Amino acid sequence: MNWSEHLPALTLAIPLLGAFGAPVAGIFGRLVRNVWFLLFSALTAISTLLLWQYVSAQGIAIYVLGGESWSLALPSGMSLPIRIILQVDAFSALMALIGGIAMFAGAIFSLRFMERFSGLDKFVTLFFLLTVGMLGMELTGDLFNFFVFLEIASIASIGLVAFWRDKPEAVEAGFKYMLVSIVGAMMVLIAVGILYGRYDVINFAAVAQNLHMGLAEKVALSFVVIALAMKSGAVPMHMWTPDAYGEAPAGVTCLLVAVSQASLYGLFRVCFSLYGATMGSGVVAWTIIILGMLSMFVGVTMAVIQKDIKRLMAYHSVSQIGYMFLGLGVGLLAIADPRALGEYGMTAMQGGIYHLFNYSMYKGLLFLTAGALYYRTGTRNLNEMGGLARSMPRTTIMFVIAAAAIAGLPPFNGFVSKLLIYESTFAVHPILPVVAMVTSVLTLASFVKVFQTAFLGPARERFRQVREVPPTMVAGMAVLAVVVLGLTLFPTWSLANMINPAAEALVDKAGYIKAVMGGGF
Amino acid sequence: MWPTIYSGFGFWDVYSWIAFFIILNALALFFRGQGRGDYKKGTEQDEIFYGGNEVPEDGDDFAVPASSAYWGFTEALKGFYTKLLDLHTGLATDYVGYMFLTAAVLMALIVL
């Protein structure tokens, strides 16, 4: 067996080892722990890159944990897919790569950002556990393990959101996130239980092969859609996001952005690969589109009036999630009609997935720049900032790149994905791109406000001593800035090699089933 | 190769835009270069014009705070914002309540 065939398992094993080894490394001092943190975050990112390359070259990767074959053959000849299976197609691999890049950037940034705080062994452990949860959700091939990884990610997130436990706001944010996460996880567990009760299997492909729409399946679908839409931060279930994103340390928020995308991944994996055209009506697709529209508009209008930089950015996360809901919702609407899928559905999905990639990179970068400002000024209040471009030029450049990208200014990558979404969703109804464009204008307006108030304007006396953040923090931001610029300058390559294969994998339900089930069971 | 993305309805060509920005910036630098470079540094010619008044030493005294930005926009949408802010209570029970409400509505729509 070629070692690269073990990449799906290695991608989970590396951060898991990073998590449990961190307290041991911490015994040997700060330097050893930091080297451990950096080494394992780099290895995790490399592993996701290799996994993406492997899947791009070889097609869907199936990995059975603890066995050579996915099935358990009974004396009667019947075989059931009961083992723990990792199933990685182009969409899963792209999501893992996005998560890998975000966690690597967050880890580099956190090295100096967190050094003035205590309990960093626990921080590193939770950071890696959150990575394991995120990657597990994206790589698993069965429903129950999806729930398990969702819980791992939730528990680690709660710990990290409330990491500054001497701040009441952080503890409150952690508690709120815990409450909604538990309710959401219970909904997912009930849905898994319903489907297991109906089909005696929990493997995605096995359930998808046998699924037919009945009352129980509809109830399960409702629970999954709502729970994962909440975890993604869609309106009206978005209210935990400004609390959690605002209070978490900046490097963690960068990772939390990618973790929320793992929930979005789960939502679309269930909608496309598990249910697909068997959904019949367009109710779920329209629900996703409407949630997307609400998220875009409510998120951005709430962002415009914020004066706390991280809460402002968190509301923009809600707003940006709306674009992905809109793009992928329109794709879902067209799934049963090959003509509609060809005319606008695939373009909408490409736009949605491209935006997902873009969003994870520039939003992570924005949160890191907010962290850099907080690191030097000690405040998140925009009213108290001003004139920082003179003393923090590198942070300013990073902010300008990310802000231009999120606002969809040409030639930045945010424009390309938004263009694909505007033009394809217009075919469904003209109001859809109108709301999206208004949102984009308001996004630009609110980032102009941030730029003007934090970076431009007269210098404040109390920030006279402020200087640029340490090189490792700049390096963390630079990782994401380079990816944003790469996606900007090479949109054709990105679409052809990363986005298109992911969109095609998502609509190819038969291929997803066949990769595991082959001739059936 | 001149890569272009076709959306099915239009197209996107990043390099044309970059060429456009390079030309635009060259023009901007050209016009900037036409300004007078013979001003006297360190005199009143070099000072900020602040409505004819003395410029305060600390930026805090004359900066426009972020919360004043887009005052007209928020004032015009006061009714909308009042309702929107009322929904954002910050209460954890409300967070869960909205989730259950949405789940109930979706379930009713799917099942019925």
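Rules and cut-offs
Residues numbered from 1 in each chain as written. Chains lettered and ligands numbered in written order. Predicted model: local features only at pLDDT ≥ 70, side-chain atom pairs only at ≥ 80, totals over all residues. Heavy atoms only, no water. Helix = DSSP H or I, 4+ residues; strand = E, 2+ residues; numbered from the N terminus. Rg over C-alpha atoms; globule rule 2.2 N^0.38 Å. Buried < 20%, exposed > 50% of the residue type's maximum accessible area, 1.4 Å probe, protein only. Areas by Shrake-Rupley, 256 points an atom, 1.4 Å probe, with all protein chains shown as cover. Salt bridge = Lys/Arg side-chain N within 4 Å of Asp/Glu carboxyl O. Axes fitted to C-alpha atoms, helices over the stretch in contact; angles between N-to-C directions. Parallel < 35°, antiparallel > 145°, perpendicular 65-115°, else oblique. Left-handed = near helix turned anticlockwise from the far one by under 90°. Contact = heavy atoms within 4.5 Å. pLDDT = per-residue confidence, 0-100. Buried area = accessible area lost by both parts, 1.4 Å probe. Polar contact = N/O pair within 3.5 Å; in protein donor to acceptor, adjacent residues only side chain to side chain. Nonpolar A, V, L, I, M, F, W, Y, C, P; charged D, E, K, R; others polar. Patch = residues over 30% accessible without salt bridge, like charges linked within 9 Å, V, L, I, M, F, W, Y side chains within 5 Å. Lys, Arg positive; Asp, Glu negative; His and termini not counted. Charge placed at Lys NZ, Arg CZ, Asp CG, Glu CD.

### With respect to the overall build of chain B
Consideration 1: Each helix and strand counted, chain B has four helices and two strands in total.
Consideration 2: Here chain B has a C-alpha radius of gyration of 27 Å; the compact-globule value for 112 residues is 13 Å, and the former is much larger.
Consideration 3: The buried share of chain B, reckoned over its 112 residues, is 21%.
Consideration 4: Counting only carbon and sulfur atoms, one obtains 64% of the accessible surface of chain B, whose full area is about 8,400 Å².

### Things to note about the pattern of salt bridges
Residues and elements named next belong to chain A.
Consideration 1: Overall, the coordinates contain 17 salt bridges over all chains when judged by the stated rule.
Consideration 2: Across the pair D243 and K176 runs a salt bridge, and its minimum N-O distance is 3.5 Å. Of this pair, D243 sits in helix α9 (residues 240-247) while K176 sits in helix α6 (residues 168-199), and the two are 67 residues apart along the sequence.
Consideration 3: Residue class for K176 comes out buried when judged on its relative accessible area of 5%.
Consideration 4: The shortest N-O distance in the salt bridge between R311 and D243 comes to 3.1 Å. Pair noted here: R311 is in helix α12 (residues 309-333) and D243 is in helix α9, with a separation of 68 residues, a long-range link.

### So, the packing of helix α2 (residues 30-58) of chain A against helix α3 (residues 90-113) of chain A
All names here are of chain A.
Consideration 1: In the contact formed by α2 and α3, the axes pass within 8 Å of each other and the chain directions differ by 160 degrees. What the angle tells us is that α2 and α3 run roughly antiparallel. Seen along the crossing, α2 lies across α3 with a hand that is left-handed. Here N34, F37, L38, S41, A42, T44, A45, T48, L49, L51, W52 and V55 of α2 come into contact with α3, specifically with A90, A93, L94, A96, L97, G100, M103, F104, A107, I108, S110 and L111.

### Points about the confidence of the model for chain B
Note: predicted coordinates in regions of low pLDDT should not be interpreted at a detailed level.
Residues and elements named next belong to chain B.
Consideration 1: Mean pLDDT for chain B: 87, with 97% of residues reaching 70 or above.
Consideration 2: Ranking the elements of chain B by mean pLDDT puts strand β1 (residues 5-6) last, at 80, and helix α3 (residues 78-87) first, at 95.
Consideration 3: The ipTM, which scores confidence in the relative placement of chains, is 0.88 for this predicted complex, and the corresponding pTM is 0.94.

### Some thoughts on the interface of chain B and chain A
Consideration 1: Taken together, the 46 residues of chain B in the interface contact 67 residues of chain A.
Consideration 2: Carbon and sulfur atoms make up 77% of the surface buried where chain B meets chain A, a total of about 4,700 Å² over both sides.
Consideration 3: Of all residues in chain B, B:W12, B:Y95 and B:M99 bury the most surface against chain A, accounting for 15% of the area lost on that side.
Consideration 4: Where B:D60 meets A:R460, a salt bridge forms, and the shortest distance between an N and an O atom there is 2.5 Å.
Consideration 5: If you look at where chain B meets chain A, you find 14 residue pairs in polar contact (both at pLDDT 80 or more).
Consideration 6: If you list the elements that add at least two residues to the side of chain B that touches chain A, you get β2 (11-12), α1 (14-33), α2 (71-76), α3 and α4 (92-111) of chain B.
Consideration 7: Tallying contributions element by element places α4(B) first for the side of chain B that touches chain A, with 13 residues.
Consideration 8: Taken together, the residues that form the side of chain B that touches chain A break down as 35 nonpolar, nine polar and two charged.

### Looking at unusual backbone geometry
Consideration 1: Following A:V235, the chain continues into A:P236 via a peptide bond in cis, with omega recorded as 5 degrees.
Consideration 2: In this model, B:Y70 sits at a positive phi of 60 degrees, which is unusual for a non-glycine residue.

### Things to note about a negative patch on the surface
All names here are of chain B.
Consideration 1: A cluster of acidic residues, E44, D46, E47, E54 and E57, forms a negative patch at the surface.
Consideration 2: Along the chain, E57 falls in the loop between α1 and α2.
Consideration 3: Overall, the relative accessible area of 77% leaves E57 in the exposed class.

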